[in-house]
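Understanding the architecture of this molecule
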Amino acid sequence: LCSNGDYDDAANIFIQLGEYSDSVQKAEEAKKLSFTNAQYGDVLYFGKYEQNGDLSDGEEPIEWIVVSRDEDRVLVISKYCLEMSHFGDDNWAESSVRRWLNGEFADSAFTAEEYAKIPTVNIRNRDNIDYEHDGGGNTEDKLFLLSADECDKYLDNDMRITKRTADLRDVY
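Fair warning: this is a prediction, and the values are worked out from it, not measured in the lab. (Residues numbered from 1 in each chain as written. Predicted model: local features only at pLDDT ≥ 70, side-chain atom pairs only at ≥ 80, totals over all residues. Heavy atoms only, no water.)

**Describing the pattern of salt bridges**
The final tally for this structure, using the stated rule, is three salt bridges. Measuring nitrogen to oxygen at the nearest pair gives 3.5 Å for the salt bridge that ties Lys79 to Glu63. With Lys79 in the loop between strand E3 (73-78) and strand E4 (80-81) and Glu63 in strand E2 (residues 60-70), the pair connects residues that are 16 residues apart, well separated along the chain. Its relative accessible area of 31% is what places Lys79 among the partly exposed residues. Residue Glu63 is classed as buried on the basis of its relative accessible area, which comes to 16%. Residue Arg98 is joined to Asp141 by a salt bridge in which the shortest nitrogen-to-oxygen separation is 2.8 Å. Residue Arg98 is found in helix H3 (residues 96-109), and its partner Asp141 is found in strand E6 (residues 139-141); the two are separated by 43 residues along the sequence. Of the residues examined, Asp141 reaches a relative accessible area of 3% and is grouped as buried. (Salt bridge = Lys/Arg side-chain N within 4 Å of Asp/Glu carboxyl O. Helix = DSSP H or I, 4+ residues; strand = E, 2+ residues; numbered from the N terminus. Buried < 20%, exposed > 50% of the residue type's maximum accessible area, 1.4 Å probe, protein only.)

Here it is as structure tokens:
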């Protein structure tokens, strides 16, 4: 269950096992990886994507950092830069990055069950006055990039610098 990201179910099974072997320790580990108990700065694993450049060992679990918690939802960002792309002059609503994130990336990174767990969020795409850039129309997305204002709100300085995966280091 843990390898599939079902940490809540895994924790419950370990708890039911009581004192058997290392089940108490495993239950605590599974709880820490659960979105239900996630707190700011926690690293969670959800979905899989090729990251180390070695296709023979399959896709690696995606690591997500919790940047905000709101009752029953968490906002997460990928710990690593999984792909690199030019955003272009498009606004978010019309961008190729948006199409890729919610299309090709979502289809390859998440199972149907995982994707169903990702909430759809209303994205308010405001104009960027500093860069004189049209925000485009509002959108509803499961996957999105943080706006400049959201970066200021949610990310400390260490979180603003991301590392590329081994796969990207070989290309860029």
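So much for the structure itself; the text now carries on.
**Side note on the sheet that holds E3**
Read across the sheet, three strands follow the order E1-E2-E3 without closing on themselves; strand pairing throughout is antiparallel. If you trace the sheet from one side to the other, it starts and ends with strand E1 (43-49) and E3, each paired once. Neighbouring strand axes in the sheet, compared pairwise and without regard to direction, differ in orientation by 45° on average. Two elements, E2 and E3, share six bridges in a ladder whose sense is antiparallel. Residue pairing in the sheet places Ser68 in a bridge with Leu75 of E3. Strands E1 and E2 of the sheet are contacted by H3, whose axis makes an angle of about 90° with E1. (Pairing = 2+ DSSP bridges. Axes fitted to C-alpha atoms, helices over the stretch in contact; angles between N-to-C directions. Contact = heavy atoms within 4.5 Å.)

**A look at the nonpolar core**
Where a protein is soluble and globular, its nonpolar side chains tend to be buried together. Grouped together as the largest cluster of nonpolar side chains are 15 residues, with contacts concentrated most on Tyr49, Ile62, Leu101, Phe105, Ala109, Phe110 and Leu143. Of all the secondary-structure elements, those providing two or more residues to this core are E1, E2 and H3. At five residues, H3 tops the list of elements feeding residues into this core. Once residues lying within four places of it in the same chain are set aside, the contact partners of Tyr49 are Glu59, Glu60, Ile62, Leu82, Glu83, Trp100, Phe105, Ser108 and Ala109. In this structure, Leu75, Ile77, Leu146 and Leu155 belong to the second largest nonpolar core, which totals seven residues. (Core = buried A, V, L, I, M, F, W, Y, C linked by side-chain atoms within 4.5 Å.)

**What to know about the packing of aromatic side chains**
Tallied over the entire structure, the rule returns five aromatic pairs. Geometrically, the ring pair formed by Trp100 and Phe105 is tilted, given 5.1 Å between the ring centres and 35° between the ring planes. Clustering of aromatic rings is evident, with ring pairs tying together Phe46, Tyr49, Trp64, Trp100, Phe105 and Phe110. (Phe/Tyr/Trp six-rings, centres within 6.5 Å; stacked < 30°, edge-to-face > 60°.)

**Side note on the pairing of E2**
Among the eleven residues that make up E2, eight are buried, leaving the element largely enclosed by the rest of the structure. Pairing of E1 with E2, which is carried by five bridges, proceeds in the antiparallel orientation. Pairing of Lys48 across the sheet is with Pro61, part of E2. If you look at the hairpin formed by E2 and E3, you'll find two residues sitting between the two strands, and Glu71 has a positive phi there, around 50°.

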